[in-house]
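A structural walkthrough
Here is how the chains run, residue by residue.
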Amino acid sequence: MPAITRLGTNAITALPAGVGGKVLQVIHSSYDAYTTTNSTSYITSNITATITPTSSSNKILILTNILGVGASTAMDNARYKLVRNDTTDLKEFDDAAGYSNSAATQAGSSHFNYLDSPSATTEIRYRIYWKMRSGTSVFFNNYAGADNVTTSTMTLMEIKA
């Protein structure tokens, strides 16, 4: 299960009239297990975070960093999409990572940002779904660092409307 850190929840109780764009809360989630797939249909990942907006007019800024991305053979690549509550597709990031035309297993990274207007005050879960576009298999969180840990993250920020 991803590690989740909550920063600044309920820290701001009121803003002056007409002031928007303030960050009201920040949720940070991380996931560090090596993950691979050969599925050509979208599947869930453990890159996920939840937030409960304080107002239905506020927006949620989603910042996603997927590290240690690669493919088992040349020319493989992965596609990712951001999904709200496992039912609403928000954005597909086509051929986002894992592409190599000369050698396999070259790890890289993928970074996605998205501003959502969920119109809700109930808990919302954002999750990355992913699949292999072509080839043999694709992966993320490949342990290429000196400490043998690569961590992918998702950060959610509630933005005052």
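Up top you'll find the structure we're talking about.
Here is a short report on the structure shown in this document. (Residues numbered from 1 in each chain as written. Predicted model: local features only at pLDDT ≥ 70, side-chain atom pairs only at ≥ 80, totals over all residues. Heavy atoms only, no water.)

Considerations on the environment of His28
Position of His28 among the secondary structure elements: in strand E2 (residues 23-31). It is 6.4 Å that separates the C-alpha atoms of His28 and Leu156, two residues lying 128 residues apart in sequence. In terms of polar contacts, His28 uses its side chain to reach the side chain of Thr155, at 2.8 Å. (Helix = DSSP H or I, 4+ residues; strand = E, 2+ residues; numbered from the N terminus. Polar contact = N/O pair within 3.5 Å; in protein donor to acceptor, adjacent residues only side chain to side chain.)

Brief notes about the pattern of salt bridges
Applying the stated criterion across every chain yields a total of four salt bridges. The salt bridge partner of Asp116 is Arg84, with a shortest N-O separation of 2.8 Å. Of this pair, Asp116 sits in strand E8 (residues 108-116) while Arg84 sits in strand E6 (residues 77-84), and the two are 32 residues apart along the sequence. Of the residues examined, Asp116 reaches a relative accessible area of 3% and is grouped as buried. On the accessibility criterion, Arg84 (15% relative accessible area) is buried. For Asp86, the salt bridge is made with Arg125, and the minimal N-O distance between the two is 2.2 Å. Residue Asp86 is found in the loop between E6 and strand E7 (88-97), and its partner Arg125 is found in strand E9 (residues 124-134); the two are separated by 39 residues along the sequence. For Asp86, a relative accessible area of 26% puts it in the partly exposed group. One salt-bridge network, held together by shared partners, links Asp86, Arg125 and Arg127. (Salt bridge = Lys/Arg side-chain N within 4 Å of Asp/Glu carboxyl O. Buried < 20%, exposed > 50% of the residue type's maximum accessible area, 1.4 Å probe, protein only.)

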